[in-house]
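# Results of the structural survey
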Amino acid sequence: MLNAAGGRAGRRVALPTYPFQRSRYWLSAPVQKREDVGAAGLDAVAHPMLRAVVERAEGHELLLTGRLSAQDPAAPLDRTFPDTPLVSASAFAELALQAGLIAGVERVERLTVCAPLVLPDDGAVQLQVVVGQADEAGRRAVELHARPEDAGRSAGWTRHAHGTLAPATDSAETGLDGPEQQEIWPPRDATPSP
């Protein structure tokens with residue numbers, strides 16, 4: 001059989017009679033049991049990496065704790081090294097921001113990653129985020145620590161990041177006088193493209 005261009009026509013293939021097979025290919029996140037941390041004198045935190053928070057009796061410092069595993073499909077891994085379960089630097093920023101929001105400071109002013117966090121192939125790491133006392137400007141120091149979960153209490157904690165949390169910047173600090181000075185998006189004279 002010849003086609004319109006004079007060449008040989010391809011063979012006909014039967015198409016399926018249904019539009020979609022409806023198979024699910026996404027990984028399902030394991031259901032993590034939420035323990036009652038209140039029984040231990042802690043407050044629960046609704047965050048994938050942080051589970052509990054406690055405020056020190058003196059000093060208004062906060063300690064947030066959690067657990068992170070390479071087997072968790074939602075683990076924030078850096079995919080640059082596919083064979084190494086390395087926690088991405090953006091996860092440290094997320095942890096610091098979440099700790100700041102709980103502490104009442106809405107902005108990560110500075111964050112320095114000082115050691116990479118490599119997750120073990122089996123098991124998990126324990127996380128601690130320490131938020132210090134507020135200074136006269138409302139800024140608070142933040143530190144992120146981790147240690148292997150199966151190492152026990154004798155193992156030391158490794159500091160992976162440290163920085164400063166600060167209150168949200170108000171318009172007086174940025175020099176903006178009002179809504180008319182702030183960036184508007186989309187611009188007023190913009191037209192949608194087809």
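This section reports on the structure supplied with the text. (Residues numbered from 1 in each chain as written. Predicted model: local features only at pLDDT ≥ 70, side-chain atom pairs only at ≥ 80, totals over all residues. Heavy atoms only, no water.)

Attention now goes to the sheet that holds strand S2 (residues 50-55). Paired through their backbone hydrogen bonds, the strands of a sheet run either parallel or antiparallel. Ordered by their spatial adjacency, seven strands build an open sheet running S1-S2-S3-S5-S6-S7-S4, and the pairing between neighbours is antiparallel. Two strands close off the open sheet at either side, each with one partner strand: strand S1 (43-44) and strand S4 (107-113). Sheet analysis places S2 next to strand S3 (residues 62-69), joined by five bridges and oriented antiparallel. The residue bridging valine 54 from the neighbouring strand is leucine 63, located in S3. Together, S2, S3, S4, strand S5 (124-134), strand S6 (140-148) and strand S7 (158-166) form the strand contacts of helix H1 (residues 89-103), whose direction differs from that of S4 by roughly 140°. (Pairing = 2+ DSSP bridges. Helix = DSSP H or I, 4+ residues; strand = E, 2+ residues; numbered from the N terminus. Contact = heavy atoms within 4.5 Å. Axes fitted to C-alpha atoms, helices over the stretch in contact; angles between N-to-C directions.)

Scanning the model with the defined rule gives one cavity of 30 Å³ or more in all. Put simply, the largest cavity is a space of about 40 Å³. Forming the boundary of the largest cavity are Phe92, Leu95, Leu117, Leu127, Gln128, Val129, Leu144, His145, Ala146 and His160. Residue assignment for the lining of the largest cavity shows that the elements contributing at least two residues are H1, S5 and S6. Classifying every residue of the lining of the largest cavity by side-chain character gives seven nonpolar, three polar and no charged. (1 Å grid on protein atoms, 1.4 Å probe; cavity = no way out; pocket = protein on both sides within 12 Å on 5 of 7 lines; lining within 4 Å. Points joined across faces, edges and corners; volume = space filled by probe spheres on them. Nonpolar A, V, L, I, M, F, W, Y, C, P; charged D, E, K, R; others polar.)

Turning next to the side chain of arginine 147. Along the chain, arginine 147 falls in strand S6. Of the side chains bearing the opposite charge, aspartate 150 lies closest to the buried arginine 147, which forms no salt bridge; the N-O distance is 9.0 Å. Separated by 3.3 Å, the side chain of arginine 147 and the backbone oxygen of alanine 155 make a polar contact. Setting aside anything within four residues of it in sequence, one finds arginine 147 in contact with Val125, Gln126, Gly152, Arg153, Ala155, Gly156 and Trp157. (Buried < 20%, exposed > 50% of the residue type's maximum accessible area, 1.4 Å probe, protein only. Lys, Arg positive; Asp, Glu negative; His and termini not counted. Salt bridge = Lys/Arg side-chain N within 4 Å of Asp/Glu carboxyl O. Polar contact = N/O pair within 3.5 Å; in protein donor to acceptor, adjacent residues only side chain to side chain.)

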